[in-house]
Number of protein chains: 2
Amino acid sequence: MSVQGFNPRTGQAFGAATASTTAAEVDAICARAQQAFAAWSGTSRDARAAALEKVADAIDAHAGELAAVADGETALGLPRLNGEIKRTSNQLRLFATVLREGSYVEATLDSADAGIVPPRPELRRMLQPLGPVAVFSASNFPFAFSVAGGDTASALAAGCPVVVKAHSAQPATSHATAQVVARALAEAGAPAGTFDIVYGTAAGSQLVRHPAIKAAGFTGSTTGGRTLFDLAQGRPDPIPFYGELGSINPGVILPGAVAERGAELAQGYAQSLTLGVGQFCTNPGLTFVPTPFVGQLAEAVGRTAGGAMLTARIRDAYTAGTQALAAHARLDAVGNASEDAYGVQPQLFTVDLATFAGDVQKYTEECFGPAGLIVTYEDVDALFALLGHLPGSLTASVQAAASDADNAAKAAAIFRHIAGRVIYNQWPTGVAVAWGMQHGGPWPATTNALHTSVGATSIRRWLAPVTFQGWPDAMLPQELQDANPMKIPRRRDGVLGLG
Amino acid sequence: MSVQGFNPRTGQAFGAATASTTAAEVDAICARAQQAFAAWSGTSRDARAAALEKVADAIDAHAGELAAVADGETALGLPRLNGEIKRTSNQLRLFATVLREGSYVEATLDSADAGIVPPRPELRRMLQPLGPVAVFSASNFPFAFSVAGGDTASALAAGCPVVVKAHSAQPATSHATAQVVARALAEAGAPAGTFDIVYGTAAGSQLVRHPAIKAAGFTGSTTGGRTLFDLAQGRPDPIPFYGELGSINPGVILPGAVAERGAELAQGYAQSLTLGVGQFCTNPGLTFVPTPFVGQLAEAVGRTAGGAMLTARIRDAYTAGTQALAAHARLDAVGNASEDAYGVQPQLFTVDLATFAGDVQKYTEECFGPAGLIVTYEDVDALFALLGHLPGSLTASVQAAASDADNAAKAAAIFRHIAGRVIYNQWPTGVAVAWGMQHGGPWPATTNALHTSVGATSIRRWLAPVTFQGWPDAMLPQELQDANPMKIPRRRDGVLGLG
């Protein structure tokens, strides 16, 4: 068995086939990861931060060759890929900052109090890494959600060894990135086994069931994610499985916004819908607009251009998805065609609110790619009665003018419970890497709404609390020692501070 | 169908039978909880804190009658039950403190920066409640881990309506407590549907699969917990299921400690083992001691007294468990018998390290009750080679003298990855309710090692993050408004403080 990438522009094989990792090899890799855990988790936060920065620098230093390989396997184009590589290295650097700041360990010191009910002994609590983590790469971000992406960066930062399952459409990009990461980690003194990579679907299934693996991160389809989630939960010892799956990213454009800046909105929407051939998990798949606005939107989408999708399978799913939409909605616009082997055209469909309300589930199946469903409304109250019944999403957006304030607030009150990020007067595509980012949401956006897969707090997914009770100060981790030698933010007898 | 409690002292039925909740009633209760969610989650933190305090006061005010009912159904005795009631009301008060302090929402404000890669819009992130929560009561803490226990207190604090599944052995205690809680919440102005209770196994299964329920907490057996966990994960939309299951709570007594204070240790061990007829999830089920120490331990356990277990089923499981131990280990001591219908005797079993190492799984099956397995060791290094292979536990303890320092540190380094709480020179029974408590651990101690079911941070189980992007300040939740009108700890542009 082997894994083969293809050039989406030509449909031809890209590079040589990569052998699938055998079961024995997966076993050996997991055993090495388990062995590395003690040393890597015991490496100081400072040293782990320095190692992440070395990886970031190495990725930047190899940006040219990495982007070239990825362009051959993804057709995403060099400007986008170079930007994504910078995003990827900066993401590693953010986690270096998080490590040095130190509050992510949630150090908590309680002094003893025998006089309360129940009595309290001296307690010292912090978060610590879970163990080796499996990371399943996404195809639509060959760097930022792949081998050296957010899951890997946050897990390594946490102190967890990482075993990546390469996306089967990108063996060459994955291999090239893994080489850069592994070399940089070795140079930084990380123990052997801290990072490795496997290829092939069977290796992925084995990974998520392997006793040495203590958690898994995944970005991809709802079907693939659900299968792996079920394997992880069905283990004799279930493990956390953080899957980022499907998202339709509803948006509401309110009447005042259309009146105020209709042309700008139409153009912004068409651009967000077709950016990267619509291959973003935050793509605006479902948008509610006042009925008269459809014409402007259709015109704007008609001016957009198609392009090559990442794989033949994704293209075929897009074709099937748009055919399903065409059976139940009106096709109002088609963007320009693409000459590429895996090329597709943007498409805009329209349905009225009453028809949509008659079968919400049918109309909210994600169609990955540059296809948008517009739901036209006449009555804002009828719209609000429906919004709470939408499936979970990564984002939900509102476009409003000052005159829409009441309705915008109502939409936010509903959207905050069906999406992880609620956006005002901006488009959902574009995911910042920051302390305040939330990239997650209720099922089917993710398998676990409590966490984010992007941003500083994504490190929390790989950490579990431990409390030390009654230990002599010198035997405690430095983060918990009385004098706070590392000067990290802590909670002491209930009060946050530097004490 | 109905649920019937029994008096463990006599084996006779206690009180009248309580009707099992029908499927239609469960549906209606869940629908009311869903309806209450908007209002309860929208209730200010201050008002929710006041409501929790009203519940706490009401429980204290009814302590006498509650303890009397519970004593009839559990035979735990009035002193213990009155203490547990105080623990329960104080737990509610702790969450009032947590709510007012406000840092648990993890408010995070990032200002916009268009100059970085990727660019950052203005982001404002906080945690918010998930939705209605199902709470499965435990039998061994009829108050603190039951109707008004930690799961209920933390979920209500989070802003989640709660539907309790009463323990089937304690319908009368559950009903009496639920009345007190419901009345106090109503008086505090909580919306109808914020709290309710159901009876019967079928109602419990329905609850965890109900679309309106967004998370569940459970304390009980590994078998029962696994069944409900599988139901929760098998839903079309899986939900978080926090189960606290089985725990053997390993302990290591080091040679220096025996030499220094052997008699005291023997007595402390026997007391911890038999406290509450051994019906604590933190009971010291497995203890590693230097071979010559067995005699003293056996003598101490021989002086202990048995008592009534909570139910006939728990007594029968204890009998079966001790018979299984007797087949593979030496019975070294038996405590005094109990005259009660569900009475059992403490038992102490011994096996040497090599025999234990030959089948760790067999010897680490939890035997709930006052039975201890002592593993005798000659060589500390052989012991350390084994400790990492123990199953996950809630606690792991070390008894050491100053001369044992190196070995104590080695034990801690291993124990911190197999238990949620690592204890030095104290016994594991007794769980403080505090900011720094960790009551959790790797499978099978819990279904999710990332969280605790006791202490301030147990509220995190019922919260999910949401990020507001680009919203006008006045339309944001107060916690995220620029001026920090509530003066809560927040993170602003990466820095923790009151800004």
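Residues numbered from 1 in each chain as written. Chains lettered and ligands numbered in written order. Predicted model: local features only at pLDDT ≥ 70, side-chain atom pairs only at ≥ 80, totals over all residues. Heavy atoms only, no water.

A. Structural view of the packing of aromatic side chains. What the rule picks out here adds up to 20 aromatic pairs over all chains. Between Y424(A) and W471(B) the ring centres are 4.7 Å apart and the planes differ by 45°, which places this aromatic pair in the tilted class. Residue Y424(A) is found in strand β18 (residues 419–424), and its partner W471(B) is found in the loop between β19 (463–469) and β20 (490–492); the two belong to separate chains. For the pair shown, Y424(A) and W471(B) are each scored as buried. (Phe/Tyr/Trp six-rings, centres within 6.5 Å; stacked < 30°, edge-to-face > 60°. Helix = DSSP H or I, 4+ residues; strand = E, 2+ residues; numbered from the N terminus. Buried < 20%, exposed > 50% of the residue type's maximum accessible area, 1.4 Å probe, protein only.)

B. How the structure looks around the sheet that holds strand β4 (residues 123–129) of chain B. Taken in spatial order, the twelve strands make up an open sheet running β13(A)-β15(A)-β16(A)-β11(A)-β10(A)-β17(A)-β18(A)-β19(B)-β4(B)-β3(B)-β20(B)-β21(B), and their pairing is mixed. With one partner strand each, in any of the chains shown, β13 (330–334) of chain A together with β21 (495–497) of chain B form the two edges of the open sheet. When the angles between neighbouring strand axes are averaged without regard to direction, this sheet yields 20°. Pairing between strand β3 (residues 108–110) of chain B and β4(B): three bridges, direction antiparallel. Paired with L109(B) across the bridge in β4(B) is R124(B). Where helix α15 (residues 405–415) of chain A meets the sheet, it contacts β10 (250–253), β17 (393–399) and β18 of chain A, and its direction lies at approximately 175° from that of β17(A). (Pairing = 2+ DSSP bridges. Axes fitted to C-alpha atoms, helices over the stretch in contact; angles between N-to-C directions. Contact = heavy atoms within 4.5 Å.)

C. Structural context of helix α8 (residues 222–234) of chain A. Under the 1.5 Å per step criterion, the end-to-end length of α8(A) is 18 Å for 13 residues, consistent within 8% with the ideal 18 Å. Listed as buried for α8(A) are G225(A), R226(A), L228(A), F229(A), A232(A) and Q233(A). Check the buried side of α8(A) and you find it contacts β5 (133–136), α7 (201–209), β8 (215–219) and β9 (241–244) of chain A together with α8 (222–234) of chain B. (Expected span 1.5 Å × (residues − 1).)

D. Main features of the relation of the copies chain A and chain B. At an RMSD of 0.0 Å, chain A and chain B line up after a rotation of 180° and a shift of 0.0 Å along the axis. Those values place the two copies in the arrangement expected of a two-fold rotation axis. Considering only C-alpha atoms, the residue of chain A closest to the rotation axis is Q233(A), which sits at 3.5 Å. Mapped onto chain B, 100% of the interface residues of chain A again fall at the interface, so both copies present the same surface. (Least-squares fit on C-alpha atoms with pLDDT ≥ 70 in both.)

E. Spatial organisation of the environment of P284(A). Residue and element names in this part refer to chain A. Relative to the elements of secondary structure, P284 occurs in the loop between α9 (255–274) and β11 (286–290). The class for P284 is buried, based on a relative accessible area of 4%. As a C-alpha pair, P284 and L463 span 179 residues in sequence and 33 Å in three-dimensional space.

F. View of helix α3 (residues 63–74) of chain B. Residue and element names in this part refer to chain B. For α3, with twelve residues, the first-to-last C-alpha span of 16 Å sits near the 16 Å given by 1.5 Å per residue. Check the buried side of α3 and you find it contacts β1 (2–6), β2 (13–19), α2 (45–61), α4 (78–101) and α6 (171–187). Just downstream of α3, A75 is the residue with a positive phi angle, here 60°.

G. Focus on the packing of α9(A) against helix α10 (residues 294–302) of chain A. Residue and element names in this part refer to chain A. Contact pair α9 / α10: the axes reach a minimum separation of 8 Å and the direction vectors enclose 45°. Our classification of the angle between α9 and α10 gives oblique. Helix-helix and strand crossings are classified by hand; for α9 and α10 the assignment is right-handed. For the pair formed by α9 and α10, the contact residues are G262, A263, A266, Q267, Y269, A270 and L273 on the first element and Q296, L297, A300 and V301 on the second. (Parallel < 35°, antiparallel > 145°, perpendicular 65-115°, else oblique. Left-handed = near helix turned anticlockwise from the far one by under 90°.)

H. Inspection of the sheet that holds strand β20 (residues 490–492) of chain A at higher detail. If you trace the twelve strands from one edge of the open sheet to the other, you get β21(A)-β20(A)-β3(A)-β4(A)-β19(A)-β18(B)-β17(B)-β10(B)-β11(B)-β16(B)-β15(B)-β13(B), paired in mixed fashion. The sheet is open, and its two edges are formed by β21 (495–497) of chain A together with β13 (330–334) of chain B, each paired on a single side. For this sheet, the mean inter-axis angle between neighbouring strands, taken without regard to orientation, is 20°. Packing against the sheet, helix α14 (residues 380–387) of chain B makes contact with β10 (250–253), β11 (286–290) and β16 (371–377) of chain B, and its axis sits at approximately 165° to β11(B).

I. Layout of the interface of chain A and chain B. Contact with chain A, which involves 79 residues of that partner, is made by 79 residues of chain B. Between chain A and chain B, a total of about 6,100 Å² is buried, with carbon and sulfur atoms accounting for 58% of that surface. Where chain A packs against chain B, one counts two salt bridges. The shortest N-O distance in the salt bridge between R491(A) and E101(B) comes to 3.1 Å. Taken together, the elements giving at least two residues each to the side of chain A that touches chain B come down to α1 (23–42), α4 (78–101), β3 (108–110), β4 (123–129), α8, α15, β18 and β19 (463–469) of chain A. It is β19(A) that provides the largest number of residues to the side of chain A that touches chain B, a total of seven residues. Taken together, the residues of the side of chain A that touches chain B break down into 43 nonpolar, 20 polar and 16 charged. As judged from the three bridges shared by β19(A) and strand β18 (residues 419–424) of chain B, these two strands associate in the parallel manner. Along β18(B), the bridge assignment pairs F468(A) with V422(B). (Buried area = accessible area lost by both parts, 1.4 Å probe. Salt bridge = Lys/Arg side-chain N within 4 Å of Asp/Glu carboxyl O. Nonpolar A, V, L, I, M, F, W, Y, C, P; charged D, E, K, R; others polar.)

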